[in-house]
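# Results of the structural survey
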Amino acid sequence: MTASGSARSAAAQRRSRRKSVDERVLEFQDVVALAPAARRKSLAAARTAGAVVAASGAVASALGLVATVACVVSAPERPLAAIDGSVEAGQGIDLTQIVALSAFGGGMAAFLLGCGAIGLARLRAEKYGALTTVDLAAAPKNLADPFRRALTAVDTIRASVAYREHWLPEIDLDAALWELAQHLLAGIRLRDELKTASAGPEYREQVEQARTALGACLMNVRKGANTLAALAHRVEVFDRMLSEPARRAEFEEARELRARSDAEQMGRLAAAVADALAIAPALGEVADRAAGALDAYDELPKMCPELHG
């Protein structure tokens, strides 16, 4: 496979990767990276539940609206007659129209409720720590560009067969991305503060320290992006090897042997721990008994002074 063909294959894989509901909600909220505290299960559940409720409400309200319009078009005289009172109460709108209107009203309420839950989850996430597309757009180009490369690399790794089939160890890509996001946010803040910093000679040292810190943020983001890009390249190479049946069989056999060896090693370690915990205490008893006897001998001359007479 050529290099261009491999790149197209990787791009197709990224496009075809099925994203979770939580990932899609974060994209809807324009959230790029989250702090570990903001990725707690409760927040993820709130975002997912809000999305499900909002989507269900949107579908229900759309169906209710279509049904209501269909009822009005099919029998326009019934609701109009009910409004002007030309028919008896309860005969103007039939059961189908009542159900349709209820579905529309209930769906709209559910949609608004779900959107509110998503909004609250967004506010809580920002409180714990989040990088949004607005923050990324406000970042200097020399910070934003490498961070976008890091985002692409992380997406490549997530879409890889090696990651999805657990050929890689348990790695927290979100935590790695958040580390770079913190450097980017710190760089934005330093850049903004330096713009309004006093130019007086008495503050020259502090200004230089701020510039040095800004340079460190830039270096950390670039270095992190390069590290993730190199890792993504190695993962893509490994994916190509996994696509070859013979190589995959070799890797699977090696992984099975490694897992068996690790299990045996951990079994030996557990047995060693059990043997260590099962050692019966004897030294303490011996020391106590010997010390008691020696103490008694030490007291014996005091109890029998005639022995020294």
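Please refer to the structure placed before this passage.
Criteria and thresholds
- Residues numbered from 1 in each chain as written.
- Predicted model: local features only at pLDDT ≥ 70, side-chain atom pairs only at ≥ 80, totals over all residues.
- Heavy atoms only, no water.
- Helix = DSSP H or I, 4+ residues; strand = E, 2+ residues; numbered from the N terminus.
- Buried < 20%, exposed > 50% of the residue type's maximum accessible area, 1.4 Å probe, protein only.
- Contact = heavy atoms within 4.5 Å.
- Areas by Shrake-Rupley, 256 points an atom, 1.4 Å probe, with all protein chains shown as cover.
- Patch = residues over 30% accessible without salt bridge, like charges linked within 9 Å, V, L, I, M, F, W, Y side chains within 5 Å.
- Salt bridge = Lys/Arg side-chain N within 4 Å of Asp/Glu carboxyl O.
- Phe/Tyr/Trp six-rings, centres within 6.5 Å; stacked < 30°, edge-to-face > 60°.
- Lys NZ or Arg CZ within 6 Å of the ring centre and 35° of its normal.
- Axes fitted to C-alpha atoms, helices over the stretch in contact; angles between N-to-C directions.
- Parallel < 35°, antiparallel > 145°, perpendicular 65-115°, else oblique.
- Left-handed = near helix turned anticlockwise from the far one by under 90°.
- Nonpolar A, V, L, I, M, F, W, Y, C, P; charged D, E, K, R; others polar.
- Core = buried A, V, L, I, M, F, W, Y, C linked by side-chain atoms within 4.5 Å.

## Quick notes on the overall build of the protein
For the protein, the count of helices and strands is 12 helices and 2 strands. Helices and strands appear in the protein in the N-to-C order α-α-β-α-α-α-β-α-α-α-α-α-α-α. Counting only residues that meet the buried cut, the protein has 27% of its 309 residues in that class. Counting contacts in the protein only where the partners sit at least 6 residues apart, residues at least 24 apart contribute 77% of the total. By element, 62% of the accessible surface of the protein is carried by carbon and sulfur atoms, the whole surface being about 20200 Å².

## Let's talk about a nonpolar patch on the surface
On the surface, L65, V69, V73, F104, M108, F111 and L112 cluster together into a nonpolar patch covering about 610 Å² of accessible area. For the nonpolar patch, the secondary-structure elements that each account for two or more residues are α3 (41-74) and α5 (95-128). Take the nonpolar patch: its biggest share by element is 4 residues, from α5. Along the polypeptide, L65 turns up in helix α3.

## Considering the packing of aromatic side chains
In total, this model carries 3 aromatic pairs according to the counting rule given. For the pair W167 and F238, a centre-to-centre distance of 5.9 Å together with 70° between the ring planes defines the contact as edge-to-face. One end of the pair, W167, is in the loop between α8 (161-164) and α9 (173-195); the other, F238, is in helix α10 (residues 204-242), with 71 residues separating them in the sequence. Both residues of the pair, W167 and F238, belong to the buried class. Centre to centre, the rings of W167 and F251 are 6.5 Å apart; their planes meet at 75°, and the pair counts as edge-to-face. Here F251 lies in helix α11 (residues 245-277) and W167 lies in the loop between α8 and α9, a separation of 84 residues in the sequence. The exposure class of W167 is buried, given its relative accessible area of 15%. In textbook terms, an aromatic cluster arises when at least three aromatic residues are bridged by ring pairs, as seen for W167, F238 and F251. R255 extends its terminal NZ or CZ atom over the ring of W167, reaching a point 3.6 Å from the ring centre.

## What about the packing of α9 against α10?
Two elements in contact, α9 and α10, have axes whose closest approach is 9 Å; the angle formed by their N-to-C orientations is 150°. Considering their axes alone, α9 and α10 lie roughly antiparallel with respect to each other. Helix-helix and strand crossings are classified by hand; for α9 and α10 the assignment is left-handed. When α9 is examined against α10, the residues L180, H183, L184, A186, G187, L190, R191 and L194 are found in contact with a partner set consisting of V207, A210, R211, A213, L214, C217, N220, V221, G224, A225 and L228. Its residues assigned to classes, the contact of α9 with α10 shows 13 nonpolar, 4 polar and 2 charged.

## Observations concerning the nonpolar core
Core analysis: the biggest nonpolar cluster contains 31 residues, and L131, F147 and L184 have the highest contact counts within it. Those elements that place two or more of their residues in this core are β1 (31-34), α7 (141-159), α8, α9 and α10. The dominant element in this core, judged by the number of residues it contributes, is α10, at 8 residues. When sequence neighbours within four positions are dropped, the list of residues in contact with F147 reads V32, L131, L136, L177, L180, A181, L184 and V221.

## Comments concerning the packing of α7 against α10
Where α7 contacts α10, the axes come no closer than 8 Å and their chain directions differ by 25°. With respect to α10, the element α7 is oriented roughly parallel. Classified by chirality, the crossing of α10 by α7 is left-handed. Together, N142, L143, P146, F147, R149, A150, A153, V154, T156 and I157 of α7 and C217, L218, V221, R222, A225, N226, L228, A229, L231, A232, V235 and E236 of α10 make up the contact between the two elements. In the contact of α7 with α10, the residues fall into 16 nonpolar, 3 polar and 3 charged.

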